[in-house]
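# Architecture at a glance
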Amino acid sequence: MSHHLLPPNERNLTPAQVVSLDRRRDFGHTLLVMAGQFAAVTIVLLLWVGQDLSYSPERAHPIYYYFLFAVVLSLILGASGLYLRRGTPRFN
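The paragraphs below set out a description of the structure included in this document. Please read these numbers as outputs of a predicted model, since none were measured by experiment. (Residues numbered from 1 in each chain as written. Predicted model: local features only at pLDDT ≥ 70, side-chain atom pairs only at ≥ 80, totals over all residues. Heavy atoms only, no water.)

### Focus: helix α2 (residues 62-84)
Because each turn of an α-helix spans 3.6 residues, side chains separated by three or four positions end up pointing in the same direction. Between its first and last C-alpha, α2 extends 33 Å over 23 residues, near the 33 Å set by a 1.5 Å rise per residue. Inspection of α2 places Phe67, Ala70, Ser74, Leu77, Gly78, Gly81 and Leu84 among the buried residues, and these make up the whole buried set. Considering only its buried residues, α2 is in contact with α1 (15-55). (Helix = DSSP H or I, 4+ residues; strand = E, 2+ residues; numbered from the N terminus. Expected span 1.5 Å × (residues − 1). Buried < 20%, exposed > 50% of the residue type's maximum accessible area, 1.4 Å probe, protein only. Contact = heavy atoms within 4.5 Å.)

### Concerning the packing of aromatic side chains
The final tally for this structure, using the stated rule, is one aromatic pair. Seen from their ring centres, Tyr64 and Tyr65 are 5.9 Å apart, and the 55° between their planes marks the pair as tilted. Relative accessible area serves as the criterion here: at 27%, Tyr64 is assigned to the partly exposed category. Of the residues examined, Tyr65 reaches a relative accessible area of 43% and is grouped as partly exposed. In this structure, Arg86 is placed above the aromatic ring of Tyr83, and the distance from its NZ or CZ to the ring centre is 4.2 Å. (Phe/Tyr/Trp six-rings, centres within 6.5 Å; stacked < 30°, edge-to-face > 60°. Lys NZ or Arg CZ within 6 Å of the ring centre and 35° of its normal.)

Laid out in structure tokens, this is it:
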């Protein structure tokens, strides 16, 4: 008998498919953790971005470029992690 709290497409999975689903969700959780770490780095870099933009000559703004890289990477990892973690959580 199937578990009625699960979505219909996850009710009749084989054991191999359940393992694959768990791996996908675990990897999604890992990506969410990485996104959070990059978000913390982004907050720290935000403290120096204004100074870097004010005092660096012409186009040399390394902290600003690191900041943009961290923001983009955090957004990409967060979106990918949320996509892979979709579905019902393991514990209800």
